[in-house]
Amino acid sequence: QVQLVESGGGLVQAGGSLRLSCAASGRTFSRYIMGWFRQAPGKEREFVAAIDWSGGRTYYADSVKGRFTISRDNAKNTVYLQMNSLKPEDTAVYYCAARWDYNPSGYYRSDHEYDHWGQGTQVTVSS
């Protein structure tokens, strides 16, 4: 089992930056595929980014490609989401998710493919 706690959300002006962190409990963090999702008011939760065991492979939604960067530090049991050039349409609750996987380079972008979720952190981008 792993427990996830997000932090780093807040209010930022358009064009600004935020870095989200997701701290995980447990000794086997490095064996989890990690993902970030977001949910805006009145919309379904959507995939943002994912990262494999080692951090060597990353995947992004088209809407954030080139602006967001996912990374992980397995020694600290933490995954990050660096968000630059933020837009008002990035406003949402951001969730960290984890999936135990035997495939070190697994890639999953559907929320039902992840087993563990954090409580979410609010990101608001003002225009």
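Scroll up a little and you will see the structure.
Now for a quick tour of the structure. (Residues numbered from 1 in each chain as written. Predicted model: local features only at pLDDT ≥ 70, side-chain atom pairs only at ≥ 80, totals over all residues. Heavy atoms only, no water.)

Before going further, it helps to spend a moment on the sheet that holds strand 3 (residues 18-24). Spatially, the 4 strands line up as an open sheet ordered 1-3-8-7, and their pairing is antiparallel. The open sheet is flanked by strand 1 (4-7) and strand 7 (68-73), the only strands paired with a single partner. Averaged over all pairs of adjacent strands, the angle between their axes in this sheet comes to 15°, without regard to strand direction. With 6 bridges joining them, strand 7 and strand 8 (residues 78-83) adopt antiparallel strand pairing. (Pairing = 2+ DSSP bridges. Helix = DSSP H or I, 4+ residues; strand = E, 2+ residues; numbered from the N terminus. Axes fitted to C-alpha atoms, helices over the stretch in contact; angles between N-to-C directions.)

Turning to the state of the cysteines, a few remarks are in order. Following the criterion strictly, the structure yields 1 disulfide and no others. The disulfide partner of cysteine 22 is cysteine 96, and the gap between their sulfur atoms is 2.1 Å. Here the disulfide of cysteine 22 and cysteine 96 is left-handed, its torsion about the S-S bond being about -80°. Linking cysteine 22 in strand 3 with cysteine 96 in strand 9 (residues 92-100), this pair joins segments that are 74 residues apart in sequence. Comparing cysteine 22 with cysteine 96 shows no difference in burial state: the two are buried. (Disulfide = S-S within 2.5 Å. Buried < 20%, exposed > 50% of the residue type's maximum accessible area, 1.4 Å probe, protein only.)

Applying the stated criterion across every chain yields a total of 6 salt bridges. The residue aspartate 111 makes a salt bridge to arginine 45 at a minimum N-O spacing of 3.4 Å. Of the two residues, aspartate 111 is situated in the loop between strand 9 and strand 10 (116-117) and arginine 45 in the loop between strand 4 (32-39) and strand 5 (46-51); the sequence distance between them amounts to 66 residues. The partly exposed category is assigned to aspartate 111, whose relative accessible area is 28%. For aspartate 90, the salt bridge identified is with arginine 67, shortest N-O distance 2.7 Å. Separated by 23 residues along the polypeptide, aspartate 90 in the loop between strand 8 and strand 9 and arginine 67 in the loop between strand 6 (58-60) and strand 7 bring together distant segments of the chain. For the pair shown, aspartate 90 and arginine 67 are each scored as buried. Because the salt bridges share partners, they merge into one network encompassing Arg38, Glu46, Arg67 and Asp90. (Salt bridge = Lys/Arg side-chain N within 4 Å of Asp/Glu carboxyl O.)

Attention now moves to unusual backbone geometry. For asparagine 77, which is not glycine, the phi dihedral falls at a positive 55°. As for its placement among the helices and strands, asparagine 77 is situated in the loop between strand 7 and strand 8. Phi angles above zero are rare outside glycine, and serine 85 is one such case at about 50°. Tracing the backbone shows serine 85 in the loop between strand 8 and strand 9.

In short, geometric facts, not functional conclusions.
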